[in-house]
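# Report on the structure
Okay, here's what each chain looks like letter by letter:
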Amino acid sequence: MSDADDELLRRSYEHMHFARTLDNGLVTWQRQGLVPAYPPARGQEAAQVGSALALDRSKDFVFPTYREIGVAVAWGVDLVGYLGSHLGLWHGGLWDAARDRFAPLQAVVGAGPLHAVGWALGQKLDGLDGVALSYFGDGASSQGDVHEAMNFASVMSAPVVFFVQNNRWALSVPLARQVGGESVAARAAGYGMTGTVVDGDDPIAVYRATHDAVELARSTGRPSLVEAMTYRRGPHATSDDPGRYRSLEDERAAGVDPLERLEGVLRASGLADDAWFAALVEAEAPRLEALRATLVEPAPMPGDQMFEHVFQSPTPQITRQRAQWREESEHA
Amino acid sequence: MSDADDELLRRSYEHMHFARTLDNGLVTWQRQGLVPAYPPARGQEAAQVGSALALDRSKDFVFPTYREIGVAVAWGVDLVGYLGSHLGLWHGGLWDAARDRFAPLQAVVGAGPLHAVGWALGQKLDGLDGVALSYFGDGASSQGDVHEAMNFASVMSAPVVFFVQNNRWALSVPLARQVGGESVAARAAGYGMTGTVVDGDDPIAVYRATHDAVELARSTGRPSLVEAMTYRRGPHATSDDPGRYRSLEDERAAGVDPLERLEGVLRASGLADDAWFAALVEAEAPRLEALRATLVEPAPMPGDQMFEHVFQSPTPQITRQRAQWREESEHA
Amino acid sequence: MPETATATATATLELSMQGAINRALRDSLADDDRMLVFGEDVGVLGGVFRMTDGLQAEFGAGRVFDTPLAESGIIGLAVGLAMGGWHPVPEVQFDGFVFPGFDQLLSQVARMNYRSRGAFPMPITLRVPSFGGIRAPELHGESLETYFMHVPGLKVVTPSNPHDAYHLLRRAIAMPDPVIFMEPKSRYWNKGPVDPDAAADLEGATIVRPGRHATLVCWGSMVHRCLQVAELAAEDGIELEVLDLRWLTPIDEESLQESVSRTGRAVVVHEAPLTAGPGAEITALVSRLCFRELKSPVERVTGYDVPTPSGDLEDEFIPSVDRILFGVQRALEYRRG
Amino acid sequence: MPETATATATATLELSMQGAINRALRDSLADDDRMLVFGEDVGVLGGVFRMTDGLQAEFGAGRVFDTPLAESGIIGLAVGLAMGGWHPVPEVQFDGFVFPGFDQLLSQVARMNYRSRGAFPMPITLRVPSFGGIRAPELHGESLETYFMHVPGLKVVTPSNPHDAYHLLRRAIAMPDPVIFMEPKSRYWNKGPVDPDAAADLEGATIVRPGRHATLVCWGSMVHRCLQVAELAAEDGIELEVLDLRWLTPIDEESLQESVSRTGRAVVVHEAPLTAGPGAEITALVSRLCFRELKSPVERVTGYDVPTPSGDLEDEFIPSVDRILFGVQRALEYRRG
Ligand SMILES: Cc1ncc(C[n+]2csc(CCOP(=O)(O)OP(=O)(O)O)c2C)c(N)n1
Ligand SMILES: Cc1ncc(C[n+]2csc(CCOP(=O)(O)OP(=O)(O)O)c2C)c(N)n1
Ligand SMILES: [Mg+2]
Ligand SMILES: [Mg+2]
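Predicted model only: the values in this text are computed from it and were never measured.

What follows concerns the pairing of strand β8 (residues 179-184) of chain C. All names here are of chain C. The buried fraction of β8 is high, at 6 of 6 residues. Sheet analysis places strand β6 (residues 125-130) next to β8, joined by 6 bridges and oriented parallel. Among the inter-strand pairings, L126 is bridged to a residue of β8, identified as I180. In this fold, strand β7 (residues 155-157) hands off to helix α7 (residues 162-174), which returns the chain to β8; that crossover is right-handed.

Moving on, we get to the environment of A209 of chain B. Residue and element names in this part refer to chain B. Within the secondary structure, A209 sits in helix α8 (residues 203-220). When its relative accessible area of 12% is taken as the criterion, A209 is described as buried. Other than its neighbours up to four places away in sequence, A209 contacts T196, V198 and V226.

Here we take up the domain arrangement of chain C. Residues and elements named next belong to chain C. Taken domain by domain, chain C holds domain 1 (13-194) and domain 2 (206-333). Inter-centroid distance (C-alpha atoms) of domain 1 to domain 2 is 26 Å. Taken together, the two surfaces of domain 1 and domain 2 that pack against each other cover about 2100 Å², and 54% of this comes from carbon and sulfur. Seen at the junction of domain 1 and domain 2, the total is 2 salt bridges. A salt bridge links D315 to R135; its shortest N-O distance comes to 2.8 Å. Among the residues forming the side of domain 1 that touches domain 2, the class breakdown is 11 nonpolar, 8 polar and 7 charged.

Residues and elements named next belong to chain D. Relative to the elements of secondary structure, A331 occurs in helix α12 (residues 321-333). In this structure the C-alpha to C-alpha distance between A331 and R265, which are 66 residues apart in sequence, comes to 6.5 Å. If sequence neighbours within four positions are ignored, A331 has contacts with R265, V267, S296 and E299.

Before going further, it helps to examine the sheet that holds strand β6 (residues 194-199) of chain B. Residues and elements named next belong to chain B. Taken in spatial order, the 5 strands of this open sheet run β1-β2-β3-β7-β6, and their pairing is parallel. Edge strands, defined here as strands with exactly one partner in the open sheet, are β1 (61-63) and β6. Put simply, the sheet's adjacent strands are angled 20 degrees from each other on average, direction ignored. Relative to strand β2 (residues 132-137), β1 is paired through 3 bridges, and the arrangement is parallel. Considered in β2, the bridge of V62 is made with L133. Of the strands in this sheet, β2, β3 (160-166), β6 and β7 (224-229) are in contact with α8, which crosses β6 at around 160 degrees.

Let's shift gears to the site of ligand 2. Residues in contact with ligand 2 amount to 20 residues; listed here are only the nearest, R67, D138, G139 and N167 of chain B together with E71 of chain D. Chain contributions to the surroundings of ligand 2 come from chains B and D. In this structure, V109 of chain B approaches ligand 2 through a main-chain N or O atom, which is 3.1 Å from a nitrogen atom. Coverage of ligand 2 by the protein chains reaches 95% of its 580 Å² of free accessible surface. By residue class, the composition of the shell around ligand 2 is 10 nonpolar, 6 polar and 4 charged.

Further remarks concern the interface of chain B and chain C. Of the residues lining the interface, 42 residues belong to chain B; the matching set on chain C comes to 43 residues. Carbon and sulfur atoms make up 63% of the area that chain B and chain C hide from each other, which totals about 3300 Å². Along the contact surface separating chain B from chain C lie 2 salt bridges. For D126 of chain B, the salt bridge is made with R34 of chain C, and the minimal N-O distance between the two is 2.7 Å. Put simply, chain B and chain C have 22 residue pairs in polar contact (both at pLDDT 80 or more) between them. Sorting the residues of the side of chain B that touches chain C by element identifies β1, α5 (112-125), α6 (144-156), α12 (305-308) and α13 (316-331) of chain B as the ones contributing at least two each.

Residue and element names in this part refer to chain B. The coordination sphere of the magnesium ion (ligand 4) contains the protein donors D138 (OD), N167 (OD1) and W169 (O), at a distance range of 2.1 Å. Sequence spacing among the residues donating to the magnesium ion (ligand 4) works out to D-x28-N-x1-W. Of the two residues, N167 and W169, both sit in the buried class.

Time to look at the interface of chain C and chain D. Taken residue by residue, the interface counts 52 residues in chain C and 52 residues in chain D. Carbon and sulfur atoms supply 59% of the area that chain C and chain D bury against each other, a total of about 4600 Å² over both sides. For chain C, the biggest contributors to the area lost against chain D are R111, H150 and F291 of chain C; these three give 17% of the whole. The interface formed by chain C and chain D holds 8 salt bridges in total. Here E281 of chain C ties to R300 of chain D by a salt bridge, and the two come within 3.0 Å at their closest N and O atoms. Counting across the interface, chain C meets chain D through 21 residue pairs in polar contact (both at pLDDT 80 or more). Those elements that provide at least two residues to the side of chain C that touches chain D are α4 (102-109), α5 (112-115), α6 (145-149), β14 (266-273), α10 (278-289) and β15 (299-303) of chain C.

Let's shift gears to the domain arrangement of chain A. Entries for chain A in the domain assignment read domain 1 (3-301) and domain 2 (302-332). Taking only C-alpha atoms, the centre of domain 1 of chain A and the centre of domain 2 of chain A are 36 Å apart.

Close contacts around ligand 1 come from 20 residues, with R67, D138, G139 and N167 of chain A together with E71 of chain C the closest. Close to ligand 1, residues of chains A and C are found. At a separation of 3.1 Å, a nitrogen atom of ligand 1 approaches a polar backbone atom of V109 of chain A. Within the side chain of D138 of chain A, a nitrogen or oxygen atom sits 2.7 Å from an oxygen atom of ligand 1. Classifying every residue of the shell around ligand 1 by side-chain character gives 10 nonpolar, 6 polar and 4 charged.

For the rest of this paragraph, the subject is the pattern of salt bridges. Evaluation of the coordinates by the stated rule reveals 80 salt bridges over all chains. Between R127 of chain C and E183 of chain C there is a salt bridge, with the nearest N and O atoms lying 2.5 Å from each other. Of this pair, R127 of chain C sits in strand β6 while E183 of chain C sits in strand β8, placing them 56 residues apart in sequence. Residues R127 of chain C and E183 of chain C agree in their burial class; the two are buried. The closest approach of N and O atoms between R288 of chain D and E299 of chain C, which form a salt bridge, is 2.7 Å. Of this pair, R288 of chain D sits in helix α10 (residues 278-289) while E299 of chain C is found in strand β15, placing the two residues in two different chains. In the salt-bridge network here, residues are joined through shared partners; they are E328 of chain A, E299, R323 and R330 of chain C together with R288 of chain D.

Parameters at a glance
- Residues numbered from 1 in each chain as written.
- Chains lettered and ligands numbered in written order.
- Predicted model: local features only at pLDDT ≥ 70, side-chain atom pairs only at ≥ 80, totals over all residues.
- Heavy atoms only, no water.
- Buried < 20%, exposed > 50% of the residue type's maximum accessible area, 1.4 Å probe, protein only.
- Helix = DSSP H or I, 4+ residues; strand = E, 2+ residues; numbered from the N terminus.
- Pairing = 2+ DSSP bridges.
- Right-handed = clockwise from strand over helix to strand, strands pointing away.
- Contact = heavy atoms within 4.5 Å.
- Domains from an automatic or database assignment.
- Buried area = accessible area lost by both parts, 1.4 Å probe.
- Salt bridge = Lys/Arg side-chain N within 4 Å of Asp/Glu carboxyl O.
- Nonpolar A, V, L, I, M, F, W, Y, C, P; charged D, E, K, R; others polar.
- Axes fitted to C-alpha atoms, helices over the stretch in contact; angles between N-to-C directions.
- Near = heavy atom within 4 Å.
- Polar contact = N/O pair within 3.5 Å; in protein donor to acceptor, adjacent residues only side chain to side chain.
- Areas by Shrake-Rupley, 256 points an atom, 1.4 Å probe, with all protein chains shown as cover.
- Donors = N, O, S within 2.8 Å, 3.2 Å for Na, K, Ca; no water.

In structure tokens, the structure reads:
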């Protein structure tokens, strides 16, 4: 293994571990009433971090769903802003999505890939070589929009990578009842593009597959699809009770947790020892605590923000409603 | 060739020829102002007739688009009723769509396949062995609904045959700018179902491919897709001017007209001679004339029909609006 | 957790709206063996709100089943099933996810009976968990009345309490036309008496509290709030009539006219945005039907013309008791000329 | 066949609305090199109505291009392009085919500026050939005002003549917010003067004929018909004011109030079905804004609550001169109390 690979392994672990820590934290904080609801990414850290690291932060663009906390961590999105969405402060989140090249959270399953295609087509029209990374799930693959996105990307040669986290569940529905043929990657050929299946619990394999797809897009403009096979180890969201639809055996079939697996690799190859792991955990503590602090007393969202962003150039109606809102809130 | 095949060849020619005659008639009648607009099926007769003949009229069900006059002829739909749609009398047409097992014309490109899947699933739930035949075009394959239909059919094992008439054009857009990968049949594998490409200008090949697909559906409940490669030899509709977007060379690349081809086969194999062809043309004349007569003086559609079918059980509002309509029309 | 119905001495049960809807589905499935329930997560899980809890176990995966994640597919499937003589009762998981299925709903469900001149009736009841009030993520708290009311060929109904929920759903399912059944998800867990045998008087609107100074016109999630308002106003000697419309298509114009003609003033309350909202139609109707009797312009207390905001701002968006009281005050203080 | 603009001595041209829209697209493409035109058949063919005729030849297939046949794809593509700093001006081929793209329009185009707190403005103008009157097939003659007006985050405009069409389209394209541009397809081929340099006064509504006995409120395809009605009524000494709203979002409430307060009566005319139609909002507004001045209830002369019927029945569905005159008569003959 090269030095670059070693470094990649360690960086992957750092991001994956912090994503896990934060994910665990959010689940706990939800139980404590600090967070209204949260969709854990537990088990998908390798897929998320490996793919994010394969992009070029200066030119590429990420189109997430609602479960990409590992991508956000690896990409370096402002996490206080990121949590704004799960806190109920602002649907899309509060980071600067244009500056961070990381689109607002997308609540509509399957709607994002078309945006990625549009953005990527724009790169081509601009003569730039940025690539759009479109995240979606096995469930989302059923949506008509995802089909339209793949077909548009192929016909128009838009430099986009469709990155499927196949975590085998869409809420309560298992892969076999969701995806005819049971492989999203197998669909790619039908659009005249490459589809790659990769072990989604191995960050290096994910990194390489994504990297190849990104390079293909960057150099030829051709879209492609990467399907990372992983497992949703937590509930769909904090409100969900997976015991109603899957058994412990189901869950055990997922195999070894990706973090444990990577820890094993790092130790076996001598890339990290107890001290390294301890230092990592120690370094995380203040980051986590700082985030928790912002949750305990989040800056309240002023009500007039509701009117602020409807239009770039507001209508008289919005202006009047805003004034009436202010008057009635003050006199109530 | 067996006797059955001989008979199939002759029957195919009869239907194809009458479909062509009627198609030509409608184009002429449109120019004469008898028909507001019409989308010719010229060139697609073999695909339409061959597929229709592969079905069982007593148990299967046809979901057409707006260009299936050859299917309507071969299936035996009441043609006066069928023309009602193109005449502007009633959008869906005026035949009894339930009795004739031939759904109303569908104006929304791509919307029909889901209905076919639903109907087919119903057969399965009923323990019956009817098969739904869903017609659509290369252009329609781009619609999200078509993807959802194929995925649903596969996941739920609905006995449906997706029959694509790939006539290489969707209005002005050629196949290469429409279908990523340029093959609709290639998409089928991605849904875990069989996709077959067939020479759409050979009615026997079409018949066989469709027959196999129907038998597969009937015996196993599995959906499949048949893509009949053909060519739209006329304009998109009578209002269209294909000269704006395709050249004579484009059109010549379509090869020999399917009717001429079949005539050649019938003559070469001794299945039909001049007298047979002359008798066929002669037998068509009164049928065509009878249809033309209904166009010259179509029974006017009473205005109150507009209110009649909105609901099975009308609202007071509809009843009142109907009364007001009557009053105002009488006093105007 | 879904509850078990607890029968009292009489036939009346104490049920939450979730319990009432679940029971209505169960009783309808038992009565009509052509009825099917399907949608995302409605089978094994029993629905994210547990509305279909236990139904797959009881009626089998042929009658109650999960679909892939595609709303257009779900609604389009219902059309085909109805063409085959089935009675589909699909669920869309949240209001905002009707939009991906909008074309199948408007162009197909609402028109197939018309298009086929009655050959293919569409006895489809589409259940849509609706309105806000639970601080949910984006597009999980939309009020789509207008989009449904404007569609020729659809009927639209929404219950405000468990008893109505049970009976209106059963009635919707039994109807030969497509019905949008909007469920006020903020009221799912509130209990009330349900008498499964007393279906009387569910045709049109109902006066849930009589009054004489003004009429509050409301439905679904806002009925309870309007009752609270009426209670508060009563302390000041103002007697508000609360009219629960229930049916948004067809609107019960007679009850509307009768009530507002009597009180002389109307305040329409809904969560949907103001402009071209359901209140526009009601205001237009009242302004015509009660033209002579109206003492003040019809007030509309509604969501603002902004996208349903995130949880933190939801209370600012949904008509509050205070905002409704302001509307009542404007109506009462209005002086003509 | 598309026509060539014929310049007169002054800067005023005699153009059909098709010519005016085509020219507005051309001039905007020339002025703004971030603007893109795309949709089904808009490139090589130049659009089924020839609205984009010649544009691909002039600006290249990078700026003006055909897409696959998928409306959700077209609108979703526009969202992504706008996120990348482009100014998309897509076409949906016919009104009824907005529905498959409804989710991208409502949940994405209308909300992305909001969702991103202004980081991703959506300067998208969606051109929608609209309304009926050309005896077209099913779903080619729909009037979708309500569906657009009710969406927070969208602006909506429709021209009634070539001059307005040119300038309103140019203005819409230049706006930083999403605009639905509804084109009255029945008026595409009617000519009128267009002065490309005189853009004055396109903000709100406009009185296209002054009068004093009642106000006809209309837009798009119905303006011409209302002018005919006013002409006929004038023969009987009835002077109708014709107010062309032009903008349906935002509605010019001031002009509406000014006109109806003066005439004391209003008749709203539109092709869309009655219930929860655009006329409901206008009626609600007028009933409030002109409460003291209104001498009769606002009349609505509209399409019926039925799906837009086939060509043979279209004249029965779209408000005719006679039906509008009946509405005027009802308004004028109404006696209060
Ligand atoms: C259009 C739409 N329909 C339904 C939902 C409700 N919903 C949210 S997530 C989800 C499951 C998504 O599954 P998948 O795409 O596999 O992603 P995962 O949750 O596994 O990450 C559902 C049904 C939604 N948000 N959007
Ligand atoms: C949803 C929808 N979008 C657009 C149209 C307009 N339109 C009618 S036919 C057609 C082309 C269809 O092409 P294809 O599916 O290949 O069928 P073909 O016309 O070749 O038979 C278009 C764009 C429509 N009817 N429905
Ligand atoms: Mg999943
Ligand atoms: Mg075609």
